[in-house]
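For reference, the chains in residue letters:
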Amino acid sequence: MATIKIKQIRSKIGYPIDQKRTLQALGLHKISQVVEVEDTPTIRGMIRKVHHLVTVVE
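Residues numbered from 1 in each chain as written. Predicted model: local features only at pLDDT ≥ 70, side-chain atom pairs only at ≥ 80, totals over all residues. Heavy atoms only, no water.

(A) View of the overall build of the protein chain. Secondary structure summary: the protein chain contains 2 helices and 3 strands in total. When the helices and strands of the protein chain are read in sequence order from the N terminus, they spell out β-α-β-α-β. Rg of the C-alpha trace for the protein chain: 10 Å, near the compact-globule value of 10 Å for 58 residues, within the 12% margin. With respect to the principal axes defined by its C-alpha atoms, the protein chain has extents near 35 × 20 × 15 Å. (Helix = DSSP H or I, 4+ residues; strand = E, 2+ residues; numbered from the N terminus. Rg over C-alpha atoms; globule rule 2.2 N^0.38 Å.)

Shown next, in the form of structure tokens:
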């Protein structure tokens, strides 16, 4: 299956708990951390929810 790289670009401090938990579910804990996950509709929805905190690295 295809994979996608996600990088956290902003801090989660001051954001709602559901967005913090979404970052945690994606495997992101620190700023500038990059994780590689499978490219599924579920993951795409999670990225859309926290699009202001992450970026997709190609």
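Now that the structure has been shown, we can carry on.
(B) Spatial organisation of the pattern of salt bridges. Enumeration according to the criterion identifies 2 salt bridges in this entry. Ionic pairing is found between aspartate 18 and lysine 49, a salt bridge with its closest N-O pair at 3.1 Å. With aspartate 18 in helix H1 (residues 17–26) and lysine 49 in helix H2 (residues 41–49), this residue pair connects regions lying 31 residues apart in the sequence. Look at aspartate 18 and you get partly exposed, because its relative accessible area is 35%. Measuring nitrogen to oxygen at the nearest pair gives 2.8 Å for the salt bridge that ties aspartate 39 to arginine 44. Residue classification places aspartate 39 among the partly exposed positions, given a relative accessible area of 25%. Since its relative accessible area comes to 37%, arginine 44 is described here as partly exposed. (Salt bridge = Lys/Arg side-chain N within 4 Å of Asp/Glu carboxyl O. Buried < 20%, exposed > 50% of the residue type's maximum accessible area, 1.4 Å probe, protein only.)

(C) Seen up close, the sheet that holds strand E3 (residues 54–57). Strand order in the open sheet made by the 3 strands is E2-E1-E3, with antiparallel pairing throughout. Both outer strands of the open sheet, strand E2 (34–38) and E3, are each paired with one neighbouring strand and no more. When strand polarity is set aside, the average angle formed by the axes of neighbouring strands in this sheet is 35°. With 5 bridges connecting them, strand E1 (residues 3–8) and E2 associate as antiparallel partners. (Pairing = 2+ DSSP bridges. Axes fitted to C-alpha atoms, helices over the stretch in contact; angles between N-to-C directions.)

(D) Unusual backbone geometry, seen in detail. A positive phi angle is found at serine 32, which is not glycine, with a value near 75°. In this fold, serine 32 is placed in the loop between H1 and E2.

(E) Broad picture of the nonpolar core. Core analysis: the biggest nonpolar cluster contains 13 residues, and Ile6, Leu26, Leu28, Ile43 and Val54 have the highest contact counts within it. At 3 residues, H2 tops the list of elements feeding residues into this core. In contact with isoleucine 43, other than residues within four places in its own chain, are Ile4, Ile6, Leu26, Val37 and Glu38. (Core = buried A, V, L, I, M, F, W, Y, C linked by side-chain atoms within 4.5 Å. Contact = heavy atoms within 4.5 Å.)

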